[in-house]
Structures are given as structure tokens and as C-alpha cells.
Amino acid sequence: MFKTTGEGGAFPRRPLQSNPMNSMTGNDPRPAGASPLPADILDEELDALRAETPGLAGQTFLLSCGASLMPRRVVERMHDYLDLEARLGGYGAFAASEERLERVYGSIARLINAAPSEIALVENATIAWQLAFHSLDFAPGDVIITAEAEYGANYVTLLQMQRRRGVDIRVCPSDEQGVVDLTALERMIDPKVRLISLTWVPTNGGLNNPAAAVGRIARAHGIPYLLDACQAVGQMPIDVQTLGCDFLAATSRKFLRGPRGAGFLYVRRAMLDRCEPPFIDHIGARWVERNRYELRDDARRYESWESNHMARLGMGEAADYAMGIGIDRIWRRCRRLAQRLRDGLASVPSFRTHDLGACPSAIVSFSSDTVDPQNIVSRAAARGIAISTSSPESTRLDAERRHLPTLVRAAPHYFNTEADVDQLVAFAESLIRRGDG
């Protein structure tokens with residue numbers, strides 16, 4: 001099924017071909033009535049996926065929640081474009097690649113069940129979120145509802161808008177499972193509410209907020225809904241029609257396995273006539289007369305002229321790669337590996353997990369009563385295990401509510417093995433046996 005080349009750091013360049021993962025999904029033309037594809041990724045498929053991930057050589061990588069490892073195909077796609085720029089210059093490379101660059105909009109749209117005209121390609125998820133947020137015209141007394149797990153970058157922007165415009169920030173409490181309390185959210189709705197802002201999967205805590213249920217509430221009351229999907233894209237199925245969000249911001253570099261410096265913004269078609277980007281240039285708008293401009297009629301009004309086309313191509317390739325494997329299959333495997341890790345860490349004396357919800361994400365957050373978190377990360381790195389820390393500032397409201405310290409976080413992805421997970425658990429056990437602190 002696959003050409004397995006073995007795991008290695010440097011790899012030979014070869015022409016890009018059709019996605020080798022298509023045979024794993026419905027793109028494989030099989031006879032009607034054939035048995036369904038397996039729920040999990042088979043061993044031989046996993047071997048091929050790992051062989052297509054050069055970064056796995058020499059390390060156990062459990063940090064897809066930070067910046068994941070790019071597949072070989074993604075790297076090659078970007079290398080090819082960079083070579084083209086070296087030969088033709090930036091304008092020539094763009095002209096030669098314009099058709100392929102245009103297809104990236106379709107790839108992202110298919111990934112989240114949107115229309116290509118509802119997709120803007122931007123530098124990162126923060127830019128995407130900020131563009132959406134600042135396209136709403138807030139006035140003194142307007143209310144913004146958010147949740148206790150809102151990400152730090154988003155929340156400081158809410159505070160800035162509070163300072164500049166006098167908006168009121170209301171924080172919806174969490175229910176007994178730690179997810180946003182939908183009953184409380186309904187009670188908080190009144191005519192002053194101008195926006196509901198939600199982080200779907202926080203940077204730590206394992207939480208998987210009920211984003212679609214929040215969307216139904218927002219839509220029922222006609223309130224714009226901005227969803228931060230950074231940690232969701234590439235990890236779990238996303239359908240913006242089901243989610244009911246008006247804006248969705250996401251990055252390339254995390255579970256989607258694309259490059260840094262690329263992200264996207266989804267803008268629901270109905271919102272385009274209600275919002276104007278906070279800044280525009282002659283890509284987002286046409287200068288039609290000396291004193292008049294016309295905004296584009298699609299989401300690209302949120303884009304600007306200068307962009308990293310190489311990274312955009314890498315992000316598009318990463319989206320195609322993930323869909324070739326099957327997002328449902330990725331989600332099932334991620335959850336299974338993460339639960340194995342939680343169970344293993346829970347059995348280690350002095351180690352505690354801090355994850356919430358009945359359907360947690362693949363981000364596993366933990367701490368030790370006796371070992372400093374940065375010590376855990378640095379010692380793990382010395383063993384070839386890539387994990388990281390997450391400070392309370394990242395999710396201050398949740399951290400204060402639960403009295404959380406700086407956490408260690410690990411995030412197995414579909415290319416990880418059970419042995420990878422068990423290696424981290426064994427490492428934690430070794431710290432306790434040695435009495436390291």
C-alpha cells in the first residue's frame with residue numbers, strides 16, 4: 001500500500017505525487033457493500049505514517065499541542081515552492097503556482113465543511129482571531145461573554161476592548177465536569193450581549209468544550225459567535241455548519257501538522273455584510289474611485305497583499321494529508337492514546353493529571369508534588385522525549401479557579417505508538433524512584 005522508506009532526519013527530495021493516504025479513506029474506490037474502514041489506524045499504516053515523518057528519528061515526540069512534526073509531503077511542497085522562488089523570484093513563483101495556491105482554499109474549506117469563499121488565509125491563529133474580533137463594532141455597555149478556559153491571548157484583547165470602549169466582560173461558569181455551563185450561558189443572554197467568544201480546546205486541561213451546543217444558543221439569540229479552534233483543527237472532526245459559529249480561527253502548526261506562520265479564518269457568509277475588517281489593503285478592497293473603495297464580497301477581504309505563499313501551500317498540503325487519513329480515525333486514535341497516558345500517569349506516585357470533561361482532548365496535563373515542572377521537561381528532553389510546560393497565565397481564569405500550578409503537558413498524535421506513551425510513564429516512574437526534585 002505504501003512505500004516505507006524508514007525514519008530519518010535528512011531525506012532525499014522526490015517529486016510530489018498524489019496523496020498516499022487516499023487508500024485509507026473513502027477516496028479508495030471499493031465495491032459497494034464492502035466492509036467499513038477500520039476504526040483505528042492499522043499497524044502497517046502506522047509504519048508508513050511514521051516513515052513519512054522524518055522528525056520522529058531519535059526522539060519520542062509528544063508535543064503536537066505546541067507545534068507538531070510535519071509530514072515529508074508538507075516539507076517537500078514548501079521546498080518546491082522555495083526552489084521556485086529562488087529560480088523565478090517571488091512574483092514569478094506566485095504566477096507559476098497561482099492555481100495550486102487557489103486550491104488551498106478548497107482544502108481548508110473541505111476540512112471544516114465550509115465554502116472556499118468563507119476562508120481567509122492569514123499568518124496565524126492569533127491574527128485570524130484578532131481580525132474577526134476587531135471587525136465587530138463594539139460600543140460602551142456592550143457585553144462579551146466568554147468562558148473560564150479562554151486563552152490568554154484572547155482574554156487580554158477582551159480587556160483591551162474593555163479599556164478602550166467600555167465593554168462588559170461576563171465569564172460563563174463551568175459545570176461540574178469543567179466544561180462551559182450551558183444552562184448558565186442561557187441565563188446570561190440579554191439584549192446587550194454583542195459576542196460569545198469561546199476557546200473550544202484550551203491549551204491545557206484536556207478540556208473539550210461543547211462548541212456546537214454553544215453555537216445553537218448563539219444562533220437562537222442572533223449573537224455573533226467567535227470560536228478559537230487552534231487545538232481542535234487536525235485533531236477532531238470540524239463541521240462549521242454543525243458548530244453554528246460565525247467565525248472560526250485556527251493555526252497550521254499544531255495537530256494539523258503544517259508549518260508555523262500560517263493559519264486561517266472562517267467567516268460565515270451571512271456575517272460578511274455585517275462586519276468590516278479592522279484594516280484593509282488593495283487585496284481586501286478595490287480602490288474604485290478617488291474617494292471610494294469596495295470590499296471584496298468574500299472572506300478574503302480579511303487578507304492582505306503580502307503573505308507567505310510557501311507556508312500557505314504547506315498548510316494546504318497538511319489539510320489534504322489529514323483528510324486522506326480520515327479525521328474521524330485520527331480523533332479516535334488520539335483519544336485512545338491520551339487516555340492510556342492519563343491512566344499511566346495516574347498510577348505514578350506524586351503525579352496527578354488535571355484534565356476535565358467527559359470527552360477530553362488529546363492534551364494531557366499533569367504535575368508532580370515532588371518534581372518541578374521545568375525539571376520534568378528538561379530531564380525528559382535529555383531522554384529524547386519532547387513535552388512542554390504551560391503556565392497559569394495561559395488560562396488564568398481556569399488556573400485560579402482550580403488553583404493550578406505550572407503544568408506539564410503532553411499530546412500524543414495519531415503517529416505515536418503505545419510504546420511512546422508508555423515511555424513517558426516509565427520516565428515519570430524513574431523520577432520518583434530516583435527521588436529527583
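Below: a short report on this structure. (Residues numbered from 1 in each chain as written. Predicted model: local features only at pLDDT ≥ 70, side-chain atom pairs only at ≥ 80, totals over all residues. Heavy atoms only, no water.)

A tally of regular secondary structure across the protein chain gives twelve helices and 15 strands. Its C-alpha atoms give the protein chain a radius of gyration of 22 Å, within 12% of the compact-globule value 22 Å for 437 residues. Along the first, second and third principal axes, the C-alpha atoms of the protein chain reach 70 × 55 × 50 Å. Relative to its full complement of 437 residues, the protein chain shows a buried share of 56%. Here the contacts in the protein chain between residues at least 6 apart in sequence split such that 70% fall between residues at least 24 apart. Carbon and sulfur atoms make up 50% of the accessible area of the protein chain, which totals about 18,600 Å². (Helix = DSSP H or I, 4+ residues; strand = E, 2+ residues; numbered from the N terminus. Rg over C-alpha atoms; globule rule 2.2 N^0.38 Å. Buried < 20%, exposed > 50% of the residue type's maximum accessible area, 1.4 Å probe, protein only. Contact = heavy atoms within 4.5 Å. Areas by Shrake-Rupley, 256 points an atom, 1.4 Å probe, with all protein chains shown as cover.)

Another aspect to go through is the packing of aromatic side chains. Taken as a whole and assessed by the stated rule, the structure comprises five aromatic pairs. Measuring from centroid to centroid gives 6.1 Å for F351 and F366, while their planes differ by 35 degrees, and the two rings are tilted. Highlighted residues: F351 in strand β11 (residues 351-353) and F366 in strand β12 (residues 364-368), separated in sequence by 15 residues. Across the pair, F366 and F351 agree in class, each one buried. Both rings, one in Y414 and one in F415, keep their centres 5.9 Å apart while their planes meet at 70 degrees; by these two values the pair is edge-to-face. As far as burial versus exposure is concerned, Y414 and F415 are alike and both buried. Ring pairing ties together the aromatic residues W129, F133 and F138, which thus form one cluster. (Phe/Tyr/Trp six-rings, centres within 6.5 Å; stacked < 30°, edge-to-face > 60°.)

This next bit is on the side chain of T417. Among the structural elements, T417 can be located in the loop between β15 (407-410) and α12 (418-434). Residues contacting T417, with those up to four places away along its chain left out, are L46, R50, R333 and L337.

Okay, the layout of surface pockets next. Here the largest pocket is characterised by a volume of approximately 540 Å³. Going through the elements one at a time, α2 (72-112) and α8 (309-325) are the ones with two or more residues in the lining of the largest pocket. Top element by residues in the lining of the largest pocket is α2. It accounts for ten residues. Its residues placed into classes, the lining of the largest pocket shows ten nonpolar, five polar and eight charged. As for the second largest pocket, its lining consists of 24 residues, and the residues nearest its centre are T126, Y151, C230, R253 and K254. Secondary structure elements with two or more residues in the lining of the second largest pocket: α3 (125-134), α4 (152-165) and β7 (247-251). In terms of residues, the lining of the second largest pocket owes the most to one element, α3, which gives four residues. Here the lining of the second largest pocket is built from residues that sort into nine nonpolar, nine polar and six charged. (1 Å grid on protein atoms, 1.4 Å probe; cavity = no way out; pocket = protein on both sides within 12 Å on 5 of 7 lines; lining within 4 Å. Points joined across faces, edges and corners; volume = space filled by probe spheres on them. Nonpolar A, V, L, I, M, F, W, Y, C, P; charged D, E, K, R; others polar.)

Moving on, we come to α12. The terminal C-alpha atoms of α12 lie 24 Å apart, and with 17 residues this matches the ideal 24 Å at 1.5 Å per residue to within 8%. Burial in α12 covers these residues: D420, V421, L424, V425, F427, A428, S430 and L431. (Expected span 1.5 Å × (residues − 1).)

Turning to the nonpolar core, a few remarks are in order. Counting 101 residues, the largest nonpolar core has I119, W200, L248, F264 and I387 as its most contacted members. Counting residues per element, this core draws most heavily on α2, at twelve residues. In this structure I387 touches L62, L63, F366, I376, V377, A380, V408, R409, A410 and L424, once residues within four positions along its chain are discounted. (Core = buried A, V, L, I, M, F, W, Y, C linked by side-chain atoms within 4.5 Å.)

This brings us to the pairing of strand β4 (residues 168-172). Where strand β3 (residues 143-147) meets β4, five bridges bridge the pair, whose relative direction is parallel. Across the sheet, T146 pairs through a bridge with V171, a residue of β4. (Pairing = 2+ DSSP bridges.)

We now examine the sheet that holds β12. Pairing is antiparallel across the open sheet formed by four strands, whose spatial order is β11-β12-β15-β14. Because the sheet does not close on itself, it has two edges, and the strands there are β11 and β14 (388-390). Averaged over all neighbouring strand pairs, the angle between strand axes comes to 40 degrees, with direction disregarded. Looking at chain direction, β14 and β15 are connected through three bridges and run antiparallel. Each bridged residue has a counterpart across the sheet, and for S388 the counterpart in β15 is R409. Along the sheet, helix α9 (residues 327-346) makes contact with β11, β12 and β15, crossing β12 at roughly 15 degrees. (Axes fitted to C-alpha atoms, helices over the stretch in contact; angles between N-to-C directions.)

On to the sheet that holds β7. One open sheet holds the seven strands; their spatial order is β2-β8-β7-β6-β5-β3-β4, and the pairing between them is mixed. The two strands at the open ends of the sheet, each matched to only one other strand, are β2 (119-122) and β4. Adjacent strand axes in the sheet meet at a mean angle of 20 degrees, parallel and antiparallel pairs treated alike. Two elements, strand β6 (residues 225-228) and β7, share three bridges in a ladder whose sense is parallel. Among the inter-strand pairings, L226 is bridged to a residue of β7, identified as F247. Lying over the sheet, α2 contacts β2 and β8 (263-267), oriented at roughly 115 degrees with respect to β2. The strands touched by α3 within the sheet are β2, β3, β5 (193-199), β6, β7 and β8, with β7 carrying the most contacts at an inclination of about 165 degrees.

Looking now at the pattern of salt bridges. Tallied over the full model, the rule gives 28 salt bridges. For R268, the salt bridge goes to D246, with nearest N and O atoms at 2.6 Å. Here R268, found in the loop between β8 and β9 (285-289), pairs with D246, found in the loop between α7 (240-243) and β7; they are 22 residues apart in sequence, far enough to count as distant. We classify R268 as buried; its relative accessible area is 19%. By relative accessible area, D246 is classed as buried at 3%. (Salt bridge = Lys/Arg side-chain N within 4 Å of Asp/Glu carboxyl O.)

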